[in-house]
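# Observations on the model geometry
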Amino acid sequence: MLKPLPYLAKENGLYSLIVDGNPYIALAGEIHNSSSSSLEYMKEKVWPNLRGLHLNTVIVPVFWEMLEFRQGSFDFTLVDGIIEQAREENLRLVLLWFGLWKNGRSTYVPGWVKRDDTTYFRACYPGPSATDTISPLCDAAVQADAKAFSQLMSHLKEVDGQQHTVIMVQVENEIGFLGSDRDYSAYANEQFAQSVPQDVSEAFGNNGTWSEVFGGDAAEYFMAYYYARAVEEIAQAGTKEYALPMFVNAWLEQFPERAGAYPSGGPIAKVMKIWKAVAPTIALYAPDIYLADFAKVCEEYTAGGDNPLFIPEARRDMVSATNVFYALGKHDALCFAPFGIEDFLAPADGSDTGIDFGLMMALNIDRSAFHLNGTGPYLAQSYELLGNMLGIINQYRGTGQMTGFLQHHNSGCILPFSKYDLKLTYKRQEQGKPIAGGLVIEVSEDEFILVGIGFSAEFLPKRGEAKKVGFVKIEEGSFVKDRWNMKRALNGDEAAYGISIGRNPSALYVEVYKYNI
Ligand code: N0T
């Protein structure tokens with residue numbers, strides 16, 4: 001029987017990624033940009049280092065320049081090899097299409113595109129002076145990319161249409177124009193002076209020139225429109241061949257928060273509306289979260305309830321071991337993936353490879369997001385814990401009985417449940433240790449699962465209730481394939497002062513009761 005393709009479902013306001021009939025949550029990692037340019041390298045330096053991490057999914061780039069080295073002839077050796085290797089490792093894949101744009105630039109286009117800057121014209125800085133970013137206003141370039149992408153998708157259908165090792169595809173990477181708020185080529189200037197296209201004026205209920213409709217953000221919206229239009233054409237061409245869910249990721253606004261300091265026109269939350277109007281083929285918009293305020297980004301990307309949380313890139317430092325609990329528990333995330341994942345359990349000399357710190361300095365980027373400093377073993381424990389309870393998590397997604405919490409500049413929080421309020425107090429942040437955070441499930445009115453890192457928990461009666469709360473049982477343990485497995489029953493000294501979870505990712509199953517004062 002033909003299995004349906006992976007797809008994004010929305011039921012009662014809850015998004016799920018359905019893979020082979022079941023909801024799928026990707027505990028993932030994204031590999032470095034250049035690793036998948038060689039199957040040998042993947043074999044030696046990537047897959048072996050992923051084995052201890054308890055991933056179920058790997059996010060891997062594929063490159064236009066290698067796929068269509070000569071115009072019109074396509075080479076799928078790499079793609080096929082990666083799929084085969086992933087199958088051997090029992091891992092699913094999310095592929096990244098490094099086509100016309102990658103981190104704002106056009107470095108991955110084939111040589112025949114780079115050399116022909118008449119046909120494939122560049123976006124310009126004011127002057128105008130040319131850049132190495134192909135203009136999103138260049139139809140010929142978009143058509144060429146779309147053609148290559150459709151070949152990729154039709155090939156995926158052929159080799160993977162049954163097995164679904166590849167579950168999703170990201171179109172381009174961190175799209176947008178870097179270094180300026182918009183393209184200042186003569187052609188772009190002309191278009192910028194025009195009235196906004198009809199689909200835009202309809203979506204925003206306003207017409208006039210870009211500046212009239214969007215004021216100070218006009219340049220950014222203008223770029224967003226053309227990038228979204230390009231992506232829609234590319235994604236549509238691919239979808240026609242093989243309709244895997246496709247998404248677009250964003251390099252977020254960072255200091256000083258001016259379009260161009262981050263890629264202008266990419267799908268940051270602010271301009272997501274124009275992307276949605278212009279690129280309906282795109283299933284979701286995904287934040288690459290390197291910023292310190294993880295919770296804030298999660299909120300921004302899910303606000304309004306019409307975009308599921310999918311994090312294809314996350315920070316490499318210790319916070320990631322905790323952030324994953326929060327993303328799944330609080331925001332029903334479909335994917336969590338730290339960047340450069342093959343470093344996390346690599347022998348000591350392998351850390352921080354391939355990261356361009358020079359560029360980051362130039363762009364004022366906080367480099368702490370990229371330092372590993374021992375994150376690997378903690379992340380592996382988080383993933384092992386969560387990976388063994390994905391069935392449980394799926395069962396509670398969207399029920400209102402599951403939530404998450406995360407330490408930021410706060411010392412604790414109170415989570416309300418049906419019969420109790422749960423007071424969580426975070427352990428003080430310690431250098432080199434994960435921050436506090438976790439996921440809580442209300443299994444029944446009196447039973448709770450707590451998983452996470454670095455907190456103590458106290459159950460309180462509801463406000464104004466003349467009752468006290470006691471424990472019937474406190475079990476320490478973990479899930480094994482979605483079944484609770486008790487390791488110790490905590491009582492006596494271990495629970496005399498309430499319950500807590502230390503610096504290692506752990507799980508508790510507790511039952512509480514109320515008694516009269
Ligand atoms: C990411 C990665 C890779 C704290 C950086 C991040 C990947 C690309 N770009 O190593 O190049 O291919 O998607 C941009 C940095 C954002 C800074 C956020 C401030």
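Residues numbered from 1 in each chain as written. Predicted model: local features only at pLDDT ≥ 70, side-chain atom pairs only at ≥ 80, totals over all residues. Heavy atoms only, no water.

By the naming in an unreviewed UniProt entry, the protein chain goes by Beta-galactosidase and is assigned to Paenibacillus whitsoniae.

### Remarks on the UniProt feature "domain: Glycoside hydrolase 35 catalytic" (unreviewed entry) in the protein chain
Per the UniProt record, "domain: Glycoside hydrolase 35 catalytic" (unreviewed entry) is found at residues 16–216. The annotated region residues 16–216 carries 37% helix and 24% strand content, and the separation between its end C-alpha atoms amounts to 37 Å. (UniProt positions renumbered as here; feature names shortened; annotations may be inferred. Helix = DSSP H or I, 4+ residues; strand = E, 2+ residues; numbered from the N terminus.)

### A short note on the packing of helix 6 (residues 186–193) against helix 9 (residues 218–241)
The geometry of helix 6 relative to helix 9 is characterised by a closest axis approach of 11 Å and an angle of 110 degrees between their N-to-C directions. The orientation of helix 6 with respect to helix 9, classified from their angle, is roughly perpendicular. Facing A188, Q191 and F192 of helix 6, the residues of helix 9 in contact are A218, A219, F222 and Y226. Taken together, the residues of the contact of helix 6 with helix 9 sort by class into six nonpolar, one polar and no charged. (Axes fitted to C-alpha atoms, helices over the stretch in contact; angles between N-to-C directions. Parallel < 35°, antiparallel > 145°, perpendicular 65-115°, else oblique. Contact = heavy atoms within 4.5 Å. Nonpolar A, V, L, I, M, F, W, Y, C, P; charged D, E, K, R; others polar.)

### Description of a nonpolar patch on the surface
Nonpolar side chains collect at one region of the surface, where V472, Y513 and Y515 lie side by side and expose about 280 Å² of accessible area between them. With respect to the secondary-structure elements, Y513 resides in strand 23 (residues 506–516). (Patch = residues over 30% accessible without salt bridge, like charges linked within 9 Å, V, L, I, M, F, W, Y side chains within 5 Å. Areas by Shrake-Rupley, 256 points an atom, 1.4 Å probe, with all protein chains shown as cover. Salt bridge = Lys/Arg side-chain N within 4 Å of Asp/Glu carboxyl O.)

### Examining the packing of helix 3 (residues 77–88) against helix 5 (residues 139–160)
With their axes 11 Å apart at the nearest point, helix 3 and helix 5 run at an angle of 40 degrees to one another. Viewed along their axes, helix 3 and helix 5 adopt a mutual orientation that is oblique. The chirality of how helix 3 crosses helix 5 is right-handed. Along its contact with helix 3, which presents V79, D80, I83 and R87, the element helix 5 presents L152, H155, L156, V159 and D160. The residue inventory of the contact of helix 3 with helix 5, partitioned by class, reads five nonpolar, one polar and three charged. (Left-handed = near helix turned anticlockwise from the far one by under 90°.)

### Considering unusual backbone geometry
In this structure, P128 follows G127 across a cis peptide bond, with omega equal to -5 degrees. Relative to the helices and strands, P128 resides in the loop between strand 7 (122–125) and strand 8 (129–134). With an omega of 0 degrees, the peptide bond running from F255 to P256 counts as cis. Of note in the backbone geometry, E257 takes a positive phi value of approximately 60 degrees without being a glycine. When you line up the elements, E257 lands in the loop between strand 10 (246–251) and helix 10 (272–278). Backbone geometry places D482, a non-glycine residue, at a positive phi of 75 degrees. Within the secondary structure layout, D482 lies in the loop between strand 20 (467–480) and strand 21 (483–489). With relative accessibility at 31%, the residue D482 sits in the partly exposed group. (Buried < 20%, exposed > 50% of the residue type's maximum accessible area, 1.4 Å probe, protein only.)

### Considerations on the sheet that holds strand 3 (residues 22–24)
Strands pair in a sheet through their backbones, by hydrogen bonds, and they do so in one of two ways: parallel or antiparallel. Ordered in space as 1-2-3, the three strands form an open sheet in which the pairing is antiparallel. The strands lining the two open edges of the sheet, one partner per strand, are strand 1 (7–11) and strand 3. Adjacent strand axes in the sheet meet at a mean angle of 55 degrees when their direction is disregarded. Across five bridges, the pairing between strand 1 and strand 2 (residues 14–19) is antiparallel. (Pairing = 2+ DSSP bridges.)

### Digging into the side chain of T165
Within the fold, T165 resides in the loop between helix 5 and strand 9 (166–173). Within polar-contact distance, the side chain of T165 engages the side chain of R87 at 2.9 Å. Residue contacts for T165: discarding those within four places in its chain leaves I83, A86, R87, L91, R92, L93 and D160. (Polar contact = N/O pair within 3.5 Å; in protein donor to acceptor, adjacent residues only side chain to side chain.)

### Digging into the sheet that holds strand 15 (residues 412–416)
Across the sheet, which stays open at both edges, the four strands sit in the order 15-16-19-22 with antiparallel pairing between neighbours. Each edge of the sheet is formed by a strand with only one pairing partner; in this case those strands are strand 15 and strand 22 (499–501). If you compare each strand with its neighbour and ignore which way they point, the axes differ by 25 degrees on average. The pairing of strand 15 with strand 16 (residues 420–426) spans five bridges and is antiparallel.

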